[in-house]
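Below, each chain spelled out in residue letters.
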Amino acid sequence: MSELAAQNITYLPGVGPKRAELLRQELQIASYEDLLYYFPYKYVDRSKFYAIRDINAKLPYIQVRGRLTSLKTIGEGRQSRLSAMFSDGTGVIELVWFKGHKYVKDNLNSDFEYIVFGKPTSFNGQFNIVHPEMDKVHDGKVKIAAALQAFYNTTEKMKRGFLNSKTIHKMQQNIFLSFQGKIPETLPAFIIQRYKLLQLHEALKTIHFPLNAEILEKAQFRLKFEELFYIQMNILKQRNQRNKSIVGHNFKTVGNYLLSFYEQKLPFELTGAQKRVIKEIRRDMGSGKQMNRLLQGDVGSGKTLVALMVMLIALDNDFQACLMAPTEILASQHFETISEMLEGLNVECALLTGSTKKKERQRIDEDLQSGKLQILIGTHALIEDRVKFKNLGLVVVDEQHRFGVAQRAKLWRKNTNPPHILVMTATPIPRTLAMTIYGDLDVSVIDELPPGRKPIETAHYFHNRRNNLNKFIKGELDKGRQVYVVYPLIEESEKLDFKNLGEGFEYMQRIFSDHKVGMVHGKMKPKEKDEAMQEFSSGRSHILVSTTVIEVGVNVPNASVMVIESAERFGLSQLHQLRGRVGRGADQSFCILMTSYKLSEDTRKRMNIMTSSTDGFEIAEADLKLRGPGDLEGTQQSGLPFNLKIANLGKDGQILQFARQVVEAILAEDPHLEKDENHLFIKQLTKLSREKMNWSLIS
Ligand code: ADP
Ligand code: MG
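Residues numbered from 1 in each chain as written. Chains lettered and ligands numbered in written order. Predicted model: local features only at pLDDT ≥ 70, side-chain atom pairs only at ≥ 80, totals over all residues. Heavy atoms only, no water.

Overview of the overall build of the chain
Link 1 in the chain: Scanning the chain for helices and strands turns up 24 helices and 22 strands.
Link 2 in the chain: Its C-alpha atoms give the chain principal-axis dimensions of roughly 100 × 70 × 40 Å.
Link 3 in the chain: Across the 699 residues that make up the chain, the buried fraction comes to 52%.
Link 4 in the chain: Contacts spanning at least 24 positions in sequence make up 74% of the contacts within the chain whose residues lie at least 6 apart.
Link 5 in the chain: Summed over all atoms, the accessible surface of the chain reaches about 33400 Å², with 49% contributed by carbon and sulfur.
Link 6 in the chain: Between the centroid of the 96 positive side chains of the chain and the centroid of its 81 negative side chains there is a distance of 4 Å. (Helix = DSSP H or I, 4+ residues; strand = E, 2+ residues; numbered from the N terminus. Buried < 20%, exposed > 50% of the residue type's maximum accessible area, 1.4 Å probe, protein only. Contact = heavy atoms within 4.5 Å. Areas by Shrake-Rupley, 256 points an atom, 1.4 Å probe, with all protein chains shown as cover. Lys, Arg positive; Asp, Glu negative; His and termini not counted. Charge placed at Lys NZ, Arg CZ, Asp CG, Glu CD.)

Structural data, given as structure tokens:
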């Protein structure tokens, strides 16, 4: 393969400097190998012919065989088009050209039979094909590949430079023609044999020139498997190495802090799931290894309490602990909840955020280093270099998708021996994604909500039902409940959004003049924000109009209605997060998604999923399928650390799982890949990590 990687694409027949530049600029294709790994995005069956009378508007591409019955130019000058009638004996279809009339006219002839290929569209009850591909039938013999034809994505700029899907297809052909011998294998023979995979050479050839659907599937499987296989191998091998080189703080004891909290302070019975994950975490922290664990739990499943209890275990072992949250609102809320729960237990706890006063900061710095301060709760401020602990043993990161991987790594360095890390997320990450991005984290799941919660009822309203909505809100307010109204805030249209938010606020004030309406948004000073939040959580204000700053974590059990304005502008996971702000108390809660009439197909699906499911994992899976992993919340900020060329995390979960099992089996036998038969893995991993620099960032 290295040979193909070294071959400059400029010298491939049919390319040349101009096209090479286009390929490099537009598709980052520089070598033969790059082009070979530029895979088609779809295939069209060219092995069968349609009868014209069977054509319907749903067919994407068709192929018909017949003769021209007329050919004429319609209109004049730049507006003109060339129109031909084409018949196969079963019916007639119109063929249309807007460009290159003269060439087409000179080259088409009603004496010959043609194969016409293209995408039919219907216009006024009549089907036509614009700019069809035409192949002459020689001596009545049909010379076509009884095969699927590959289509490649190209950009506008490429098309303007006459570099289209067909040209790329030709170039692929030229690679196989000019390349002598077989493309070197990238998986060892024993894997190919054991799992009956196609050889790389055959797989690549098939992916570009499939003979039929069956072999195409085998080729796709081989290439997807390999792609996922090496990602997993990279992750799991690194994890092995890390486990070996890092000694974990061993939290052997469960002592007074945890026990007295459990006996005196625990406000309710733990759920079964909470008990189970606490056990898992305890076992991990007492194993002598450094813990790297992801705690997944749907919104409202009670992760904060788990965090607190495991921090107390750290304290019981004479270590400090910290809890980091993505926003100030959330950090202060955690601080309040936790301080309250710890009252009387003699635990030193402090809050550190960007707006902590200088004097308080100094005190925190000193007390952290002396060890007097045991639990530090805060925002990103915790990561700063000046924050030095005496003996940090555990870091809990809440709602971790807001943090980049690099930031997490900084936390590691807060002690000579890295602390245990517990990453908590309410964005349920589908299993497949977790296995790729957080593949080296162990996962605990809280899959049970505290008892007595009623599933949130969700409805989708168009704007014309605003009066009904207002009546409904009034009813809830009369029962003493509180209401959230959330507006989108997206950077590109920030001005407009603010206008909407402001107007929404005024509207609510006008309609519900007997009630106090508050407002929160990201541009407010932290102090003002806090005050508005405080007012709402203490029940002094009844309606809170806000942007998504309240998306994460905020806990006001008395709030029972969540109205999401312009719901079409939110992703599924975000909608689910927002909805999770209600349904936290014993009352029946409601979520109303407001949208305009005009909705895309995808949006309609999103609204349907929201109204029919309250299961975060189900929603996340659906989101992954609908949007693809690149867009999935939780990966947006950090981005998937690699580009998948062929595998699709939303659809290829099974292949991923299979690839991971194969990797695990190999590493179990040969953790450092020293055996001869495993040599190729090292070579491939080195090559891939050179190409995909970001790999090192997968943590
Ligand atoms: P999240 O997992 O979304 O962070 P929280 O930790 O904020 O959820 O908990 C949501 C609410 O559930 C809080 O009001 C909390 O006090 C309550 N809660 C947590 N655990 C239990 C439990 N075992 N039984 C009853 N209520 C609980
Ligand atoms: Mg939370």
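With respect to the sheet that holds strand E13 (residues 375–378)
Link 1 in the chain: Pairing in this open sheet of seven strands is parallel, and the strands run E12-E13-E11-E14-E15-E10-E16 from one edge to the other. Across the chains shown, the open sheet's two edge strands, defined by having one partner strand only, are strand E12 (349–352) and strand E16 (442–446). Neighbouring strand axes in the sheet, compared pairwise and without regard to direction, differ in orientation by 20° on average.
Link 2 in the chain: Where E12 meets E13, four bridges bridge the pair, whose relative direction is parallel. Counterpart to Ala 350 in the pairing with E13 is Leu 376.
Link 3 in the chain: Across the sheet, helix H12 (residues 303–316) is in contact with strand E10 (292–297), strand E11 (320–324), E13, strand E14 (392–398), strand E15 (420–425) and E16; its angle to E11 comes to roughly 160°. (Pairing = 2+ DSSP bridges. Axes fitted to C-alpha atoms, helices over the stretch in contact; angles between N-to-C directions.)

Remarks on the site of ligand 1
Link 1 in the chain: In the vicinity of ligand 1 there are 16 residues, among which Gln 274, Gly 300, Lys 303, Thr 304 and Arg 453 approach most closely.
Link 2 in the chain: Arg 584 has a polar side-chain atom sitting 3.1 Å from an oxygen atom of ligand 1.
Link 3 in the chain: Surface burial for ligand 1 is 85%, taken as the share of its 570 Å² of free accessible area covered by protein chains.
Link 4 in the chain: Across the shell around ligand 1, the residue classes break down as four nonpolar, seven polar and five charged. (Near = heavy atom within 4 Å. Polar contact = N/O pair within 3.5 Å; in protein donor to acceptor, adjacent residues only side chain to side chain. Nonpolar A, V, L, I, M, F, W, Y, C, P; charged D, E, K, R; others polar.)

Thoughts on the sheet that holds strand E8 (residues 133–137)
Link 1 in the chain: The mixed open sheet is built from seven strands, whose spatial order is E6-E7-E4-E3-E2-E5-E8. A single partner strand is all that each edge strand has here, and the edge strands are strand E6 (120–123) and E8. In this sheet, neighbouring strand axes are inclined to one another by 45° on average, regardless of whether the strands run parallel or antiparallel.
Link 2 in the chain: In the sheet, E6 pairs with strand E7 (residues 126–130) via four bridges, with the strands oriented antiparallel.

Remarks on helix H14 (residues 358–370)
Link 1 in the chain: Helix length check: H14 (13 residues) gives 18 Å between terminal C-alpha atoms against 18 Å at 1.5 Å per residue, within 8%.
Link 2 in the chain: For H14, the complete set of buried residues consists of Arg 361, Ile 364, Asp 365, Asp 367 and Leu 368.
Link 3 in the chain: Buried-residue contacts for H14 involve E11, E12 and E13.
Link 4 in the chain: The first or second residue beyond H14 is Gly 371, which carries a positive phi of 95°. (Expected span 1.5 Å × (residues − 1).)

A word on the pattern of salt bridges
Link 1 in the chain: On inspection of all chains with the given rule, the structure shows 30 salt bridges.
Link 2 in the chain: Here Arg 81 and Glu 94 are joined by a salt bridge, their closest N and O atoms 3.3 Å apart. In this pair, Arg 81 is assigned in strand E3 (residues 81–87) and Glu 94 in strand E4 (residues 92–97), connecting sequence segments 13 residues apart.
Link 3 in the chain: Arg 81 sits in the partly exposed class, given a relative accessible area of 27%.
Link 4 in the chain: Lys 474 is the salt-bridge partner of Asp 478, the closest N and O atoms lying 3.2 Å from each other. In this pair, Asp 478 and Lys 474 are both assigned in helix H17 (residues 466–478), four residues apart and thus about one turn of the helix distant.
Link 5 in the chain: In this structure Asp 478 comes out as exposed when scored by relative accessible area, which is 53%.
Link 6 in the chain: Look at Lys 474 and you get partly exposed, because its relative accessible area is 42%.
Link 7 in the chain: Look at the salt bridges and you will find they share partners, linking Arg 276, Glu 280, Asp 284, Arg 293 and Asp 447 into a network. (Salt bridge = Lys/Arg side-chain N within 4 Å of Asp/Glu carboxyl O.)

Quick notes on the domain arrangement of the chain
Interface size is commonly expressed as the accessible surface area that is lost when the partners come together.
Link 1 in the chain: As assigned here, the chain comprises domain 1 (48–143), domain 2 (212–453 + 656–699) and domain 3 (457–613).
Link 2 in the chain: For domain 2 versus domain 3, the separation of C-alpha centres amounts to 31 Å.
Link 3 in the chain: Listed per partner, the contact involves 17 residues of domain 2 and 20 residues of domain 3.
Link 4 in the chain: If you sort the residues of domain 2 by the area they bury against domain 3, Val 299, Ile 329 and Gln 333 come out on top, with a joint share of 37%. (Domains from an automatic or database assignment. Buried area = accessible area lost by both parts, 1.4 Å probe.)

Some details on the layout of surface pockets
Link 1 in the chain: For the largest pocket, the calculated volume is near 1500 Å³.
Link 2 in the chain: Breaking the lining of the largest pocket down by element, the ones donating at least two residues are helix H4 (101–107), strand E5 (113–118), E7, E8, strand E9 (148–151) and helix H6 (165–178).
Link 3 in the chain: In the lining of the largest pocket, the residues fall into 16 nonpolar, 11 polar and eight charged. (1 Å grid on protein atoms, 1.4 Å probe; cavity = no way out; pocket = protein on both sides within 12 Å on 5 of 7 lines; lining within 4 Å. Points joined across faces, edges and corners; volume = space filled by probe spheres on them.)

Quick word on the side chain of Arg 584
Link 1 in the chain: Here Arg 584 shows up in the loop between helix H20 (572–579) and strand E22 (590–595).
Link 2 in the chain: Looking at Arg 584, its side chain comes within polar contact range of the side chain of Asn 555, at 2.8 Å.

What to know about the nonpolar core
Looking at soluble globular proteins, one finds that nonpolar side chains tend to be buried together.
Link 1 in the chain: In terms of nonpolar packing, the biggest core is built from 54 residues, with Ile 191, Phe 225, Phe 229, Met 233, Leu 376 and Phe 681 touching the most fellow members.
Link 2 in the chain: The biggest single contributor to this core is helix H9 (residues 213–245), with eight residues.
Link 3 in the chain: Those residues in contact with Phe 229, other than ones at most four positions away along the chain, are Leu 187, Ile 191, Ala 659, Val 662, Val 663, Ile 666 and Phe 681.
Link 4 in the chain: By size, the runner-up hydrophobic cluster in this structure holds 39 residues, among which are Val 277, Met 291, Val 347 and Ile 446. (Core = buried A, V, L, I, M, F, W, Y, C linked by side-chain atoms within 4.5 Å.)

Re unusual backbone geometry
Link 1 in the chain: For Lys 196, which is not glycine, the phi torsion reads 50° and is therefore positive.
Link 2 in the chain: Note on placement: Lys 196 falls in the loop between helix H7 (189–194) and helix H8 (200–208).
Link 3 in the chain: You can call Lys 196 exposed: its relative accessible area is 66%.
Link 4 in the chain: For Ser 566, which is not a glycine, the phi torsion comes out positive at approximately 45°.
Link 5 in the chain: Tracing the sequence through the fold places Ser 566 in the loop between strand E21 (559–564) and H20.

Side note on the packing of helix H13 (residues 328–342) against helix H19 (residues 526–537)
Link 1 in the chain: The contact between H13 and H19 brings their axes to 10 Å, and the two run at 55°. As judged from the angle between their axes, H13 and H19 are oblique. Seen along the crossing, H13 lies across H19 with a hand that is right-handed. Contacts between H13 and H19 involve Glu 328, Ile 329, Ser 332 and Glu 336 from the first element and Pro 526, Lys 529, Asp 530, Met 533 and Gln 534 from the second. (Parallel < 35°, antiparallel > 145°, perpendicular 65-115°, else oblique. Left-handed = near helix turned anticlockwise from the far one by under 90°.)

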